[in-house]
Amino acid sequence: MTSENIADMDTDREEIEKAKAHIVVEIIEYVPNAVLSRTIIKKMTGNVTVSAFDAGEEIAEKSSAFDTYIQIIDGSAEIVIDGKKHQLTRGQGIIIPAHQRNSFCAKEPFKMISTVIKSGYE
């Protein structure tokens, strides 16, 4: 299965409750044949999102005007940045530079945190 764009994702756009402890890996569950996302923080200046990818799911190549920090919190993921493949496992992170083409592929189920800081163009 392939998720072609954000519209295919079941996205909860409400922030999680403030001043309440949570276990980040439990904020979102795996769903068969799906990519799901849940907003942790969403502001005009940036956002933090947690996503869960089922095995075989992909996010098609795209780019962003801002740097994006990705951290794998469960499983492992293949992330392609500007044509170069990166295999990340739980606990590892990577910065996707602004304006670089990137895509995600789940060879196995994985969860990640995505952090975007909209500090302007560099």
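Residues numbered from 1 in each chain as written. Predicted model: local features only at pLDDT ≥ 70, side-chain atom pairs only at ≥ 80, totals over all residues. Heavy atoms only, no water.

Taking an unreviewed UniProt entry as the reference, the protein chain is identified by name as Cupin domain protein belonging to Dyadobacter soli.

A.B. asks: For the packing of aromatic side chains, give the residues involved together with the corresponding values.
C.D. replies: Scanning the entire structure with this criterion turns up two aromatic pairs. Between the aromatic rings of Phe53 and Phe104, the centroid separation amounts to 6.1 Å while the plane-to-plane angle is 35 degrees, which identifies the pairing as tilted. One end of the pair, Phe53, is in strand β3 (residues 46-53); the other, Phe104, is in strand β8 (residues 102-105), with 51 residues separating them in the sequence. Summarising the burial analysis for this pair, Phe53 and Phe104 share the class buried. Relative to Phe110, the ring of Phe53 has its centre 4.3 Å away and its plane inclined at 15 degrees; by these criteria the two rings are stacked. Of this pair, Phe53 sits in strand β3 while Phe110 sits in strand β9 (residues 110-117), and the two are 57 residues apart along the sequence. (Phe/Tyr/Trp six-rings, centres within 6.5 Å; stacked < 30°, edge-to-face > 60°. Helix = DSSP H or I, 4+ residues; strand = E, 2+ residues; numbered from the N terminus. Buried < 20%, exposed > 50% of the residue type's maximum accessible area, 1.4 Å probe, protein only.)

A.B. asks: Could you give an account of the nonpolar core, naming the residues involved and the relevant values?
C.D. replies: If you look at the biggest cluster of nonpolar residues, it comprises 15 residues, and the most contacted ones within it are Phe53, Ile70, Ile72, Ile79, Phe104, Phe110 and Met112. Sorting the residues of this core by element identifies β5 (68-81), β7 (93-96) and β9 as the ones contributing at least two each. Residue contributions to this core peak at five residues, all from β5. Not counting chain neighbours up to four residues away, the residues in contact with Ile72 comprise Ala77, Leu88, Thr89, Arg90, Gly91, Gln92, Phe110, Lys111 and Met112. (Core = buried A, V, L, I, M, F, W, Y, C linked by side-chain atoms within 4.5 Å. Contact = heavy atoms within 4.5 Å.)

A.B. asks: Please give an account of the environment of Asp67 that cites residues and values.
C.D. replies: Residue placement: Asp67 occurs in the loop between β4 (58-62) and β5. Residue Asp67 is classed as partly exposed on the basis of its relative accessible area, which comes to 36%. Residues Asp67 and Pro97, 30 residues apart in the sequence, show an inter-C-alpha distance of 4.6 Å. Here Ala98 takes part through its backbone nitrogen, which lies 2.8 Å from a polar atom of the side chain of Asp67. (Polar contact = N/O pair within 3.5 Å; in protein donor to acceptor, adjacent residues only side chain to side chain.)

A.B. asks: For the pattern of salt bridges, give the residues involved together with the corresponding values.
C.D. replies: When the charged atoms of two side chains lie near each other, side chains of opposite charge can form a pair. For the coordinates displayed, the defined rule picks out four salt bridges. The partner of Glu17 in a salt bridge is Lys20, with the nearest N and O atoms 3.9 Å apart. Like Lys20, Glu17 is exposed. A single network of salt bridges, built from pairs that share partners, joins Glu15, Lys18 and Lys43. (Salt bridge = Lys/Arg side-chain N within 4 Å of Asp/Glu carboxyl O.)

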